[in-house]
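If you want the building blocks of each chain, they are given just below.
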Amino acid sequence: MKKILTGIKPTGDFTLGNYIGAIKQMVKMQDEYDSYIFVADLHALTIAQDPKSLHDRIKKFIAMYIACGIDPNKNTIYIQSENEYLPAMSYLLECNTAYGEASRMIQFKEKSKQNANFSVGLLTYPILMAADIIYLDADLVPVGIDQKQHVELARDIADRFNKKYGETFKLPEPLISEVGVKIKDLKDPTKKMSKSDDSPQGVISMFDDKDTIIKKIKGATTDSDNEIRFDEENKPGISNLLNITASLTDKSVDDIILECNGMGYGDFKMYVADIVANKISSIQEKYNEIVNSNQLEDILNKGKEKSRELAKAKFELMKERLGVGR
Ligand code: TYM
């Protein structure tokens, strides 16, 4: 059975972008693939975090995965930092990755510009991500378009290692959904909706209540020609709302446009807001059941054990190939 894997970094909120870009695709594929999903808490450390809030978010994210439809019976669910083989493997991969290659990553370039005192971890972040993916021999990695370059780097790193030291890793492929590859900020629809954003009105959290969601969507930036049409360049705000709606309803953008024929922007925003608020509040109902039950410990213990076992075997093989150890 082919393997699929994804992870989310628990910095800031769990956003609608995370749900649409990564989780929804995982849910769709979980019946056909051996599925793995984790919380990338080590990745969160590349940017300064408050330890208490980081810690609180980890289990919230796990419970949210399950509430979004990730079935614990079909997925291995774990916390990245509980698998100590991953950072160890990452070091072995770092020694086989050129500085130039790592520093060319778009996210590194952008984030290192934002803070002159950026950590070395920000540079090595995609290499840890490569370890997350290739320890498992994952075939497919569902991600939003912003992470595509990192999955491609993982593939390059694996390929180079195989060629240099002998067949060790499977080469992963990113899986980018057709709709919703990049959900945009509601206030500034030219940029990605991002959890570490300083524009809370532009970001929908999966923990937002109904009224907040409706208010945010009503306040979304649109244009002035009052025509509902998909045109990402000239009408990024309306196109973003169409994308969100298409993704959450599993309808095509064209069908949504037909349904909304004749509506003004005010009515269209209410239509979108209802769909988003209803979807998120039904996910939150499940979330409340899960977070208050005691099933999480058991799920995480099993996930930790399984992912460590697989990573240990791959780590030993890497060491053997590289000639280190006894
Ligand atoms: P992160 O936490 O930034 O994002 C998690 C996932 O959500 C997707 N995403 C979006 N998709 C569509 N529209 C958006 N506005 C949007 N915002 C975020 C991201 O593309 C991603 O798929 N480094 C990763 C976490 C990670 C990982 C991995 C992922 C660590 N190891 C191994 C896959 C495999 C990250 O920071 O994603």
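Residues numbered from 1 in each chain as written. Predicted model: local features only at pLDDT ≥ 70, side-chain atom pairs only at ≥ 80, totals over all residues. Heavy atoms only, no water.

Student: Please clarify how the site of the ligand should be interpreted in this entry.
Tutor: Taken together, 28 residues lie around the ligand, and Tyr125, Asp132, Asp146, Ile183 and Lys195 are the ones closest in. One nitrogen or oxygen atom from the main chain of glycine 144 is found 2.8 Å from an oxygen atom belonging to the ligand. Taking isoleucine 183, its main chain carries an N or O atom lying 2.7 Å from a nitrogen atom of the ligand. The protein chains hide 98% of the 710 Å² of surface that the ligand would expose on its own. (Near = heavy atom within 4 Å. Polar contact = N/O pair within 3.5 Å; in protein donor to acceptor, adjacent residues only side chain to side chain. Areas by Shrake-Rupley, 256 points an atom, 1.4 Å probe, with all protein chains shown as cover.)

Student: Would you take a moment to explain the pairing of strand E1 (residues 3-8) for this structure?
Tutor: When a strand is regular, its side chains alternate between the sheet's two faces. Counting buried residues along E1, 5 of its 6 residues qualify, which places the element largely inside the surrounding structure. Pairing analysis gives 6 bridges linking E1 to strand E2 (residues 34-39), with the strands arranged parallel. Looking at the pairing, isoleucine 4 lines up with serine 35 of E2. Once you follow E1 into helix H1 (residues 16-29) and on to E2, the crossover reads as right-handed. (Buried < 20%, exposed > 50% of the residue type's maximum accessible area, 1.4 Å probe, protein only. Helix = DSSP H or I, 4+ residues; strand = E, 2+ residues; numbered from the N terminus. Pairing = 2+ DSSP bridges. Right-handed = clockwise from strand over helix to strand, strands pointing away.)

Student: It is not clear to me how helix H8 (residues 148-165) should be interpreted in this structure. Could you clarify?
Tutor: In an α-helix, one turn spans 3.6 residues; hence positions three or four apart end up facing the same way. With 18 residues, H8 extends 26 Å from end C-alpha to end C-alpha; this agrees with the ideal 26 Å at 1.5 Å per step. Considered for burial, the residues of H8 that qualify are His150, Val151, Leu153, Ala154, Ile157, Ala158, Phe161 and Asn162. Positive phi appears at glycine 166, one or two residues downstream of H8, with a value of about 105 degrees. (Expected span 1.5 Å × (residues − 1).)

Student: Sorry if this is basic, but what is going on with the nonpolar core here?
Tutor: Across soluble globular proteins, nonpolar side chains have a tendency to be buried as a group. Grouped together as the largest cluster of nonpolar side chains are 61 residues, with contacts concentrated most on Leu16, Tyr19 and Val276. Per element, the largest residue contribution to this core is 12 residues, and it comes from helix H12 (residues 265-291). Residues contacting tyrosine 19, with those up to four places away along its chain left out, are Phe14, Lys24, Cys68, Met206, Leu248, Lys279 and Ile283. One finds Tyr85, Leu92, Phe108 and Ile127 within the second-largest nonpolar core, a separate group that totals 37 residues. (Core = buried A, V, L, I, M, F, W, Y, C linked by side-chain atoms within 4.5 Å. Contact = heavy atoms within 4.5 Å.)

Student: Got a minute to help me understand the packing of aromatic side chains in this structure?
Tutor: The relation between two aromatic rings is expressed through the spacing of the ring centres and the mutual angle of the planes. Scanning all chains against the criterion turns up 9 aromatic pairs. Taken together, a centroid distance of 5.8 Å and an interplanar angle of 50 degrees make the contact between tyrosine 85 and phenylalanine 315 tilted. Linking tyrosine 85 in helix H4 (residues 85-94) with phenylalanine 315 in helix H13 (residues 295-322), this pair joins segments that are 230 residues apart in sequence. Ring centres of phenylalanine 207 and tyrosine 287 lie 5.0 Å apart, and the angle between their planes is 80 degrees; this geometry places the pair in the edge-to-face category. Of this pair, phenylalanine 207 sits in the loop between strand E5 (173-175) and helix H9 (210-218) while tyrosine 287 sits in helix H12; the two residues are 80 residues apart in sequence, bridging distant segments of the chain. An aromatic cluster is built from Phe14, Phe61 and Tyr65, whose rings are joined through pairwise contacts. (Phe/Tyr/Trp six-rings, centres within 6.5 Å; stacked < 30°, edge-to-face > 60°.)

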